[in-house]
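Each chain, letter by letter, is given below.
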Amino acid sequence: MQTLIIIINILCLIYSGWFIERLLTKERKNSLITSGILLLVLALLATLPLYALGYTSILITTILMYIILTVSWVLFSGLTGYMSLATAAFFGIGIYASALFLPTTGALLPILVVVLIGGLASSIIALGVGALTLRLRGIYFAIFTFGLVVFIMELLNWWEHTVSHRRGRYVMLVDNDYIFYTMLGIFVLVMLTFFFIRRSKFGLAMRSIGENEEAAAHTGINVTMVKVITFAISAFFMGAAGAIYATKITYVDPYVAFSVLFSFLPVLMAIFGGMGRIYGPVMGAAIFTYLQETLQTKFSEIYMLSFGVLLVAAILYMPDGLTGLIQKVWRRISGGKRVHT
Amino acid sequence: MYILEGEGVSKYFGGLAAVDNVDFHVDQGEVVGLIGPNGAGKTTLFNLISATYTPKPGIIRFKDKNITGKKPYQICRMGIARTFQMVKIFANLPVVENVRVGAFFGKSTHVSSANATRESLELLEYVGLSQVANTPARDLTLANQKRLEVARALATKPELLLLDELMAGLNQTEVAEEMQLISSIRTKGITIVMIEHVMKAIMSVCDRIIVLHHGKKIAEGTPQEITHSEKVIEVYLGE
């Protein structure tokens with residue numbers, strides 16, 4: 001039963017991604033029915049804590065978190081073509097915002113304000129770092145962003161050791177439902193942001209940079225500004241997700257908060273899902289997280305092994321990710337019909 | 001007043017002078033050809049004008065304003081548009097979106113979405129690509145991709161258009177079409193500087209020709225003067 005609930009909710013999340021993609025491509029046929037389903041889907045998601053067991057809603061919260069990280073990663077890297085591995089840095093900054101303002105002794109600020117602070121702090125760092133480094137291209141940018149994660153982690157580690165004399169920090173316990181709703185809120189925000197950016201003039205500028213940066217610059221686009229602003233927007237959501245995630249794990253230290261896994265997983269999830277459509281990263285993150293969780297709990301001995309095999313197979317046989325696979329299958333099914341229309 | 005003027009423009013790559021102390025000028029409404037053997041520095045000169053590189057030393061003026069050291073997007077918004085020797089289109093965007101980028105961002109004034117689309121469609125009509133407006137740009141033929149670059153450049157409402165080997169790799173018919181397009185752009189009042197190897201095209205469209213060799217300007221004049229210049233014949237046209 002719980003498995004069914006999880007699968008239904010994952011489908012709901014993917015549906016909302018698909019709905020946005022549909023709005024973007026301006027196929028507005030049946031929009032009454034599809035919008036009706038969207039309302040139903042959102043209602044299902046919003047009432048999850050009422051009908052699901054605690055574990056289920058925690059799992060969906062984790063899935064939401066990875067979707068947020070993946071979609072905000074795609075927002076910058078997918079559209080502009082700059083491979084960023086700084087996700088863990090911004091996520092960790094969010095986590096430490098919670099560690100500072102939500103100690104076990106009692107919240108210094110309302111939780112939502114702390115989430116906002118986590119996001120804004122990440123954005124500000126992204127603005128600074130982006131302005132300095134977004135002239136780097138290709139692999140150099142990827143390596144720099146990776147270095148940023150390690151640098152902040154070690155710097156913080158040094159600070160905690162020598163200045164504040166502690167290893168880690170405890171974060172206040174927050175009700176699971178509250179965490180779930182906050183994640184859901186950030187998810188909705190990140191999807192809406194994606195939608196409005198993709199549809200806007202700004203999104204066109206971003207995509208043209210991803211296609212050919214030199215041509216974009218010579219066609220009147222201030223490429224540095226567009227890249228830096230997008231980097232900051234994507235960092236905002238990563239930081240916000242980190243801040244609320246901290247209240248879920250309740251204990252943080254620099255190695256937990258700035259774990260490089262948070263840099264790599266969103267990239268893998270985006271590739272797994274396929275980046276051509278918005279629902280790709282959503283699907284990738286949701287299914288990837290679910291698989292990871294299931295394999296880890298049910299087949300813990302061969303977890304890493306089977307996961308590795310799965311990943312290699314995915315990269316070999318689904319170069320365009322799950323969305324690419326689905327489109328291929330769909331074309332094969334509906335191919336006969338379309339020829340005559 | 002010259003629309004474009006360069007004084008002692010130079011660009012070194014390491015010890016190699018790609019462009020070496022070149023003075024040049026372009027009059028309003030002219031079509032100027034830029035020729036020279038491979039590696040003569042023609043494209044580098046274009047890159048200096050369009051601010052991919054900054055001349056060092058040297059000064060470039062556009063309509064009597066010093067534009068040395070500006071950013072490429074600023075140069076574009078001031079009214080200098082360009083195309084590329086190796087086409088640089090936005091391959092995965094539909095053709096019309098390619099042009100819309102120019103219409104949106106290439107001018108200093110704000111353009112509404114509807115106007116940008118209208119202008120783009122008009123320009124596609126103008127260069128003869130309205131049939132393929134919604135095709136991804138990567139699916140076009142080379143000749144059409146080059147036309148798309150011209151349309152995108154025109155969308156930025158330039159006063160000066162830099163065309164880098166528009167005709168390279170095209171067949172006879174296509175070359176004739178491009179020549180027609182250039183004459184037509186000229187009647188719009190847009191000044192053109194073009195790099196070209198197709199001599200027939202250069203000789204018939206250009207008012208004036210500048211010849212570069214090893215980064216230096218070796219000759220300048222009308223097509224007749226150039227075809228009769230001994231120096232040019234020696235290094236370029238062959239004995």
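Cut-offs used in this document
Residues numbered from 1 in each chain as written. Chains lettered and ligands numbered in written order. Predicted model: local features only at pLDDT ≥ 70, side-chain atom pairs only at ≥ 80, totals over all residues. Buried ≥ 20, exposed ≤ 12 C-beta atoms within 10 Å, placed from the backbone. Helix = DSSP H or I, 4+ residues; strand = E, 2+ residues; numbered from the N terminus. Right-handed = clockwise from strand over helix to strand, strands pointing away. Core = buried A, V, L, I, M, F, W, Y, C linked by C-beta atoms within 7 Å. Domains from an automatic or database assignment. Contact = placed C-beta atoms within 7 Å. Pairing = 2+ DSSP bridges. Axes fitted to C-alpha atoms, helices over the stretch in contact; angles between N-to-C directions. Nonpolar A, V, L, I, M, F, W, Y, C, P; charged D, E, K, R; others polar. pLDDT = per-residue confidence, 0-100. Parallel < 35°, antiparallel > 145°, perpendicular 65-115°, else oblique. Left-handed = near helix turned anticlockwise from the far one by under 90°.

Q: Explain the pairing of strand 7 (residues 160–164) of chain B to me, and be specific about the residues and the numbers.
A: Regular strands show a simple pattern: their side chains alternate between the two faces of the sheet. All names here are of chain B. Counting buried residues in strand 7 gives 5 out of 5 residues, a clear majority hidden from the surface. Across the two faces of strand 7 the burial is the same, with Leu160, Leu162 and Asp164 and Leu161 and Leu163 all buried. Between the parallel pair strand 7 and strand 8 (residues 191–195), the chain is carried across by helix 6 (residues 172–187), and the sense of this crossover is right-handed.

Q: Describe the nonpolar core, naming the residues involved and giving the relevant values.
A: In this structure, A:Ile63, A:Ile67, A:Ile68, A:Ala241, A:Val282, A:Ala286 and B:Ala151 are the most contacted members of the largest nonpolar core, which totals 182 residues. Among the elements that take part in this core, helix 11 (residues 223–249) of chain A stands out by supplying 17 residues, more than any other. Counting contributing residues per domain, this core is built from domain 1 (1–72 + 158–239) and domain 2 (89–157) of chain B, each supplying no fewer than three. Apart from the residues within four sequence positions on either side, A:Ile67 is in contact with A:Leu13, A:Phe187, A:Val282, A:Ala285 and A:Ala286.

Q: Any details on the sheet that holds strand 10 (residues 216–221) of chain B? Residues and values, ideally.
A: Sheet strands line up and pair through hydrogen bonds in the backbone, either parallel or antiparallel. Residues and elements named next belong to chain B. Here we have 6 strands laid out as an open sheet, ordered 6-7-8-3-9-10, and mixed in their pairing. Edge strands, defined here as strands with exactly one partner in the open sheet, are strand 6 (80–82) and strand 10. Across this sheet, the average inter-strand angle for adjacent strands is 20 degrees, counted without regard to direction. Sheet analysis places strand 6 next to strand 7, joined by 3 bridges and oriented parallel. From the neighbouring strand, Arg82 faces strand 7, where its bridge partner is Leu162. With respect to the sheet, helix 1 (residues 42–49) is in contact with strand 3 (31–35), strand 6, strand 7, strand 8 and strand 9 (208–213), its orientation differing from that of strand 7 by roughly 150 degrees.

Q: Give a description of the domain arrangement of chain B that names residues and reports values.
A: Residues and elements named next belong to chain B. Under the domain assignment, chain B is made up of domain 1 (1–72 + 158–239) and domain 2 (89–157). At the junction of the two partners, domain 1 supplies 7 residues and domain 2 supplies 9 residues. Residue composition of the side of domain 1 that touches domain 2, by class: 5 nonpolar, 1 polar and 1 charged.

Q: Would you mind going over the interface of chain A and chain B in detail, with residue names and values included?
A: The partner chain B presents 22 residues to the 15 residues of chain A that form the contact. Only helix 9 (201–211) and helix 10 (213–218) of chain A provide two or more residues apiece to the side of chain A that touches chain B. Of the residues contributing to the side of chain A that touches chain B, the split by class is 5 nonpolar, 6 polar and 4 charged.

Q: With reference to specific residues and values, describe unusual backbone geometry.
A: Residues and elements named next belong to chain B. The omega torsion of the bond from Lys56 to Pro57 falls at -5 degrees, within 30 degrees of zero and hence cis. Mapped onto the secondary structure, Pro57 falls in the loop between helix 1 and strand 4 (59–62). The backbone of Ala51 shows a phi angle near 75 degrees, a positive value even though the residue is not glycine. Here Ala51 lies in the loop between helix 1 and strand 4. A residue is classified by how many C-beta atoms lie within 10 Å of it, and Ala51, with 23 of them, is buried. Here the phi dihedral of Asp64 falls at roughly 70 degrees; this positive angle occurs in a residue that is not glycine. Along the polypeptide, Asp64 turns up in the loop between strand 4 and strand 5 (65–66).

Q: Report on the sheet that holds strand 2 (residues 16–27) of chain B, specifying residues and quantitative values.
A: Residue and element names in this part refer to chain B. Taken together, the 4 strands give an open sheet; going across it, the order is 2-1-4-5, and neighbouring strands pair in antiparallel fashion. Only two strands of the sheet have a single partner each, and these edge strands are strand 2 and strand 5. In the packing of helix 1 onto the sheet, contacts are made with strand 1 (2–13), strand 2 and strand 4, and the angle to strand 2 comes to roughly 65 degrees.

Q: How would you sum up the confidence of the model for chain B? Please name residues and give values.
A: All names here are of chain B. Looking at chain B, pLDDT values average 90 and 99% of them are 70 or higher. The least confident element of chain B is helix 9 (residues 230–237), whose mean pLDDT is 78; the most confident is strand 6, at 94. Of the two predicted TM-score estimates for the complex, the pTM is 0.88 and the ipTM is 0.89.

Q: Help me get a handle on the packing of helix 5 (residues 87–101) of chain A against helix 11 of chain A, residues and values and all.
A: Residue and element names in this part refer to chain A. Direction vectors running N to C along helix 5 and helix 11 enclose 45 degrees, while the axes themselves pass 6 Å from each other. Considering their axes alone, helix 5 and helix 11 lie oblique with respect to each other. As for how helix 5 packs across helix 11, the hand of that crossing is right-handed. Contact residues: Thr87, Phe90, Phe91, Gly92, Ile93, Gly94, Ile95, Ala97, Ser98 and Ala99 in helix 5; Ala235, Met238, Gly239, Ala240, Ala241, Gly242, Ala243, Tyr245, Ala246 and Thr247 in helix 11. The class makeup of the residues in the contact of helix 5 with helix 11 is 13 nonpolar, 7 polar and no charged.

Q: Residue-level account of the pairing of strand 2 of chain B, with values.
A: Residue and element names in this part refer to chain B. Bridge count for strand 1 against strand 2 is 8 bridges, and the pairing is antiparallel. Within strand 2, the residue paired with Lys11 across the bridge is Val19. Counting the residues between successive antiparallel strands, the hairpin from strand 1 to strand 2 contains 2 residues, one of them, Gly14, with a positive phi of roughly 60 degrees.

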